[in-house]
Amino acid sequence: IVRSPQELIGDLNEQQAQAVQFRGPALLIGAGAGSGKTRVLTRRIAWILTRFGAWPSQILAITFTNKAAAEMRERLSTLIGPVAQRMWVSTFHSACVRILRRDGERIGLKSGFTIYDTADCERLVKLIATDFNIDVKRYTPRQILARISDYKNGLTGVRETLAQYAPDFRPGTRGFRIGHIGNVEELYAIVYAEYQHRLALANAVDFDDLIVRTVELLRTQPDVAEYYRRRFRYILVDEYQDTNHAQYVLVRELAGVDSGERPSSDAVGAGRQGPAWITVVGDSDQSIYAFRGADISNIQDFEQDFPDARTIMLEQNYRSTQTILDAANAVIAHNEGRKPKKLWTAAGKGAPITGYAADTAQLEAHWIAHEIRRLHEEEGVRYSDVAVMYRANAQSRSLEEGLIQAHVPYQLIGGTKFYERREVKDALAYLQAIVNPADGINMRRILNVPKRGLGARAESMVTVWADERGLTFWQGIEQADRIEGMTTRTLNPLKRFAAMMTQLRTFAAEHDRQPSQVVAEVLAQSGLLEELQKSTDPQDQSRVENLSQLQSVAAEYEQNTPDATLAGFLETTALVADSDQLPDEAEDTGKVTLMTLHTAKGLEYPVVFLTGMEQGTFPHSRAMEDTSELSEERRLAYVGITRAKRHLYITRAAVRAQWGRASEMMPSQFLDEIPDELIDWKRREAGVERMRSGWGRGSDGGSSYGRGDDWDAGLDEFGGWDDGFAEPSYGGSAYGRSSYGSSSYGSSSYGGSSYG
Ligand code: ATP
Ligand code: MG
């Protein structure tokens, strides 16, 4: 299908059309939420293909999620036909996996390398901590991994950190005891070095490594870099505000921006010479992944970073009503050091924002659920047009309960993920160990699952023996009969395990063997399935179903993938994200969607509920004392508000359980930042404030909550009703008392004092 120009830009506004057609080496489409950035990016790809005459293989398009990639590919298919399927439209991580699968050998990554998920990485750090005598209560694996991740996102290598903090440490030193450790930086540097060392031995990478090792590959192997620079003539990145330093460097390397050649700016396009043409799309006000290393300066400095860069701003919003935009603009205006943006819509004022203050989180959920039902029954709103958003996953529980009680169907995005379930992870560990026997983490995981008499002692005997000889854990198992002091009670099951794994590997390697067949064989031979089937625990029945589900997933993968391989299947399971559970945009699932604000990025819904608008919930308690973190929370609020097309609800609870106890919650400062006239409060004051401003117990809302529910429990925390709340205790919250005690509790009465 060759599209006429009119079909690609006819329904766009002037700036959008300009951005689609722009000819030049570097373009930033910077614009506020809902202004059509993603739409323009998609059209631009179609334009480059049809008007610049590029081949699909010359285009690399990066999206923030797999889901967004699939959607973009789908749109492109309708615009330009099935060639779109052959194009690289993917996340940074999947693109890197592809590159590493092809050429990773060059930097020591053998084919079939394993991608460790967070749990695998934590296990690895725990192993190191044990060997090095590190107190994991004081230095949790999570905390250590966060630091390692920071290093990687900033492209700080092991050599650098060792030179700076632990010049005498050599990774792989057996029997190293860290007991004498001087400072925590030294500890981080040492664990980082050892962690990388063991990943390399296991032929494994973590998520961050996918980017870092690809950069390494491109930087150290000029011919590989050259290959991709010739290939990708157009690189386009959506959600650029959330790229980290490593990803920024990756884009530069792939494009060849630093190769010294001048970009071509001929009329044809990037053609075959000079660096690739780069288009990035983003909104610095929507940068919400600083905790994962996102570096907002990537987008802020774009014009300085890329020669001959141009910026096109989009100003018309096509998503929301003016009321919703006014609220979003007002909130984000409180962030300092940003470029003010104009954002307008032709959609008209629309309905006011609906506000609701509940006495407890349970009552907040109750109200939301019934309001959604009312919308559905009285206003004909489809359930799938409604999204309920929250700051933290933990908030979903009460919301779910509310929806269940009100019989409102919903789908929760996130939560316990399929691939993280124990039995699924066990089965996957078998598959990983088959593909990559060097992978000690997965091999250890399955050694005694199901139980076969190979406990911690057997594991440690093999480990010590193999380590001393510089062998992998698997090699230790294979040669178990040479390990001194091994009793036949241990040796026999070890031998059986080794024989079974070898047999499974042979089975998997046979010609034309499909991944789903290997899954079936593993489930049968390993005894995983049998153990669960024999069990009388009803939980184990659902585990059996999950395993059968895994087999179906593998079969589905085969159907959708021309060159299906076991390693390829494992890759898809490793790169799954929360957002992948989202239904397709057009689909009417008949269900309300529940998700965190982070997951909601890039999405839109006719009706949005922003819940838990309380100090300490949103903004998160961690962020309230720190200006830059508070700015990030505010950007998250901006993201949340701008997801709504027609109708926005903002709700809060006066009492919420935190750390197992009920805490009094103050209204979020973000509520204060929304102009009063935009909000129609169905119920404005709750909890203590309501008492203070003269609402007697039960005089109004009394009927909406019953005695003995969490509301009462919450109040007991504060000394009960009779105390008149003179000295409420704040349950360890981070805000000061002074801002609270006033009796005329208006939304403006605290705004200036402690947050200004
Ligand atoms: P975000 O910042 O949230 O990622 P965005 O800038 O990427 O938003 P899009 O998702 O591309 O915005 O567009 C927002 C909505 O506006 C979509 O429903 C899109 O189809 C619609 N839209 C964008 N441009 C136009 C246009 N010119 N005419 C009609 N609808 C448009
Ligand atoms: Mg977008």
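For clarity, every value in this text was computed on a predicted model and none was experimentally measured. (Residues numbered from 1 in each chain as written. Chains lettered and ligands numbered in written order. Predicted model: local features only at pLDDT ≥ 70, side-chain atom pairs only at ≥ 80, totals over all residues.)

Colleague: Explain the overall build of the protein chain here, please?
Modeller: For the protein chain, the count of helices and strands is 31 helices and 18 strands. Within the protein chain, the fraction of its 756 residues that count as buried is 47%. Of all intrachain contacts in the protein chain linking residues separated by at least 6 positions in sequence, the fraction that spans at least 24 positions is 77%. (Helix = DSSP H or I, 4+ residues; strand = E, 2+ residues; numbered from the N terminus. Buried ≥ 20, exposed ≤ 12 C-beta atoms within 10 Å, placed from the backbone. Contact = placed C-beta atoms within 7 Å.)

Colleague: Just to check I follow, could you spell out unusual backbone geometry for this structure?
Modeller: Leaving glycine out, the prevailing phi sign among residues is negative, and the prevailing peptide bond configuration is trans. Looking along the chain, the bond that leaves V449 and enters P450 is cis, with omega of -5 degrees. The omega torsion across F618 and P619 is 5 degrees, close enough to zero to call that bond cis. Tracing the backbone shows P619 in the loop between strand 15 (605-610) and helix 27 (627-641). Of note, the phi angle at E239 is positive, near 50 degrees, even though the residue is not glycine.

Colleague: When you look at helix 4 (residues 66-80) in this model, what are you seeing that I'm missing?
Modeller: Between the first and last C-alpha of helix 4 there are 21 Å, a value that for 15 residues agrees with the 21 Å anticipated at 1.5 Å per step. Three or more residues of helix 4 are buried, namely K67, A68, A69, E71, M72, R73, L76 and I80. Looking at the buried positions of helix 4, the neighbouring elements they touch are helix 3 (37-50), strand 2 (59-62) and strand 3 (88-90). (Expected span 1.5 Å × (residues − 1).)

Colleague: It is not clear to me how the domain arrangement of the protein chain should be interpreted in this structure. Could you clarify?
Modeller: How large an interface is tends to be reported as the accessible area lost when its parts come together. Segmentation of the protein chain into domains returns domain 1 (5-102 + 211-316), domain 2 (114-202), domain 3 (322-415 + 582-755) and domain 4 (418-574). It is helix 4 that contributes the most residues to the side of domain 1 that touches domain 3, three residues altogether. When grouped by side-chain class, the residues that make up the side of domain 1 that touches domain 3 number five nonpolar, eight polar and five charged. (Domains from an automatic or database assignment. Nonpolar A, V, L, I, M, F, W, Y, C, P; charged D, E, K, R; others polar.)

Colleague: So what exactly am I meant to see when it comes to the sheet that holds strand 2 here?
Modeller: Taken in spatial order, the six strands make up an open sheet running 3-2-6-7-1-8, and their pairing is parallel. Of all the strands in the sheet, the pair left with one neighbour each is strand 3 and strand 8 (309-314). Taking the axes of each pair of neighbouring strands and ignoring which way they run, one obtains an average angle of 10 degrees across the sheet. Sheet analysis places strand 2 next to strand 6 (residues 234-237), joined by four bridges and oriented parallel. Its bridge partner being in strand 6, A61 is matched across the sheet by L236. This element, helix 2 (residues 14-21), spans strand 1 (26-31) and strand 8 of the sheet and lies at about 150 degrees to strand 8. (Pairing = 2+ DSSP bridges. Axes fitted to C-alpha atoms, helices over the stretch in contact; angles between N-to-C directions.)

Colleague: Explanation requested: helix 26 (residues 566-574) in the structure shown.
Modeller: Structural remark: α-helix, 3.6 residues per turn; residues separated by three or four positions point the same way. Burial within helix 26 is extensive, with seven of its nine residues counted as buried. The complete set of buried residues in helix 26 reads L566, A567, F569, L570, T572, T573 and A574.

Colleague: So what exactly am I meant to see when it comes to the site of ligand 1 here?
Modeller: What surrounds ligand 1 is a group of 18 residues, the closest being G36, K37, T38, R39 and Y318. A per-class count over the shell around ligand 1 returns four nonpolar, eight polar and six charged. (Near = placed C-beta within 6 Å.)

Colleague: Can you help me understand the packing of helix 3 against helix 4 in this one?
Modeller: Packed helices, taken two at a time, are described by their axes: the angle between them and the distance between them. Relative to each other, helix 3 and helix 4 sit at 45 degrees, their axes nearing to 10 Å. Here helix 3 lies oblique to helix 4, going by the angle between them. Once helix 3 is placed against helix 4, the crossing between them reads as right-handed. Mapping the contact onto sequence places T42, I45, A46, L49 and T50 in helix 3 and M72, R75, L76, L79 and I80 in helix 4. Grouping the amino acids of the contact of helix 3 with helix 4 by side-chain chemistry returns seven nonpolar, two polar and one charged. (Parallel < 35°, antiparallel > 145°, perpendicular 65-115°, else oblique. Left-handed = near helix turned anticlockwise from the far one by under 90°.)

Colleague: Honestly, the UniProt feature "binding site: ATP" (unreviewed entry) in the protein chain in this entry has me stumped. Any pointers?
Modeller: Per the UniProt entry, the sites bearing "binding site: ATP" (unreviewed entry) are A31, G32, A33, G34, S35, G36, K37 and T38 in this numbering. Within the secondary structure layout, G34 lies in the loop between strand 1 and helix 3. Apart from the residues lying within four places of it in its own chain, the contact partners of G34 are N317, Y318, R319, S320, E604 and T642. Relative to the helices and strands, T38 resides in helix 3. (UniProt positions renumbered as here; feature names shortened; annotations may be inferred.)

Colleague: Could you clarify how one ought to interpret the pairing of strand 14 (residues 592-596) in this entry?
Modeller: Among the five residues that make up strand 14, four are buried, leaving the element largely enclosed by the rest of the structure. Bridge count between strand 12 (residues 386-390) and strand 14: four bridges; the pairing is parallel. Looking at the pairing, V388 lines up with L594 of strand 14. Pairing geometry for strand 13 (residues 410-412) and strand 14, over three bridges, is parallel. Bridge assignment links L412 to a residue of strand 14, and that residue is L594.

Colleague: So what exactly am I meant to see when it comes to the pairing of strand 11 (residues 353-360) here?
Modeller: Working note: regular strand, side chains alternate between the two faces of the sheet. For strand 11, a buried count of seven out of eight residues is recorded, marking the element as mostly surrounded by other parts of the structure. Where strand 11 meets strand 18 (residues 679-683), four bridges bridge the pair, whose relative direction is parallel. Pairing of Y356 across the sheet is with R683, part of strand 18. Note that strand 11 and strand 16 (residues 644-658) share six bridges and pair parallel.

Colleague: Just checking my understanding: could you explain the environment of L12 for this structure?
Modeller: Within the secondary structure, L12 is located in the loop between helix 1 (5-9) and helix 2. With 18 C-beta atoms counted inside 10 Å, the residue L12 sits in the partly exposed group. For L12 and L610, which are 598 residues apart along the polypeptide, the C-alpha to C-alpha distance reads 30 Å. Every residue in contact with L12, bar those within four places of it in the chain, is listed here: A17, V20 and R43.

Colleague: I tried to follow the packing of helix 23 (residues 515-526) against helix 25 (residues 538-560) on my own but got confused; where do I start?
Modeller: Packing of helix 23 against helix 25 brings their axes to within 8 Å, and their N-to-C directions diverge by 160 degrees. Between helix 23 and helix 25, the crossing angle belongs to the class labelled roughly antiparallel. Here helix 23 and helix 25 pass one another in a crossing that is right-handed. Here P515, S516, V519, A520 and L523 of helix 23 lie close against helix 25, whose contacting residues are L547, L550, Q551, A554, A555, Y557 and E558. Among the residues making up the contact of helix 23 with helix 25, the classes are represented as nine nonpolar, two polar and one charged.

Colleague: In this structure, what is going on with the confidence of the model for the protein chain? I would like to understand it.
Modeller: Regions with low pLDDT carry predicted coordinates that are not meant to be interpreted in detail. Of all residues in the protein chain, 89% have pLDDT values of 70 or greater, and the mean over the chain is 87. For the stretch residues 696-756, pLDDT sits under 50, and the model shows 74 contacts to residues farther than four places along the chain or on other chains. For this predicted complex, the interface confidence score (ipTM) comes to 0.99, while the overall pTM stands at 0.86. (pLDDT = per-residue confidence, 0-100.)

Colleague: Any chance you could explain the environment of A387 here in plain terms?
Modeller: Here A387 shows up in strand 12. Here A387 falls in the buried class, since 25 other C-beta atoms lie within 10 Å of it. Through-space distance from the C-alpha of A387 to that of F609 is 6.3 Å; in sequence the pair is 222 residues apart. When sequence neighbours within four positions are dropped, the list of residues in contact with A387 reads T593, M595, A600, Y605, V608 and R643.

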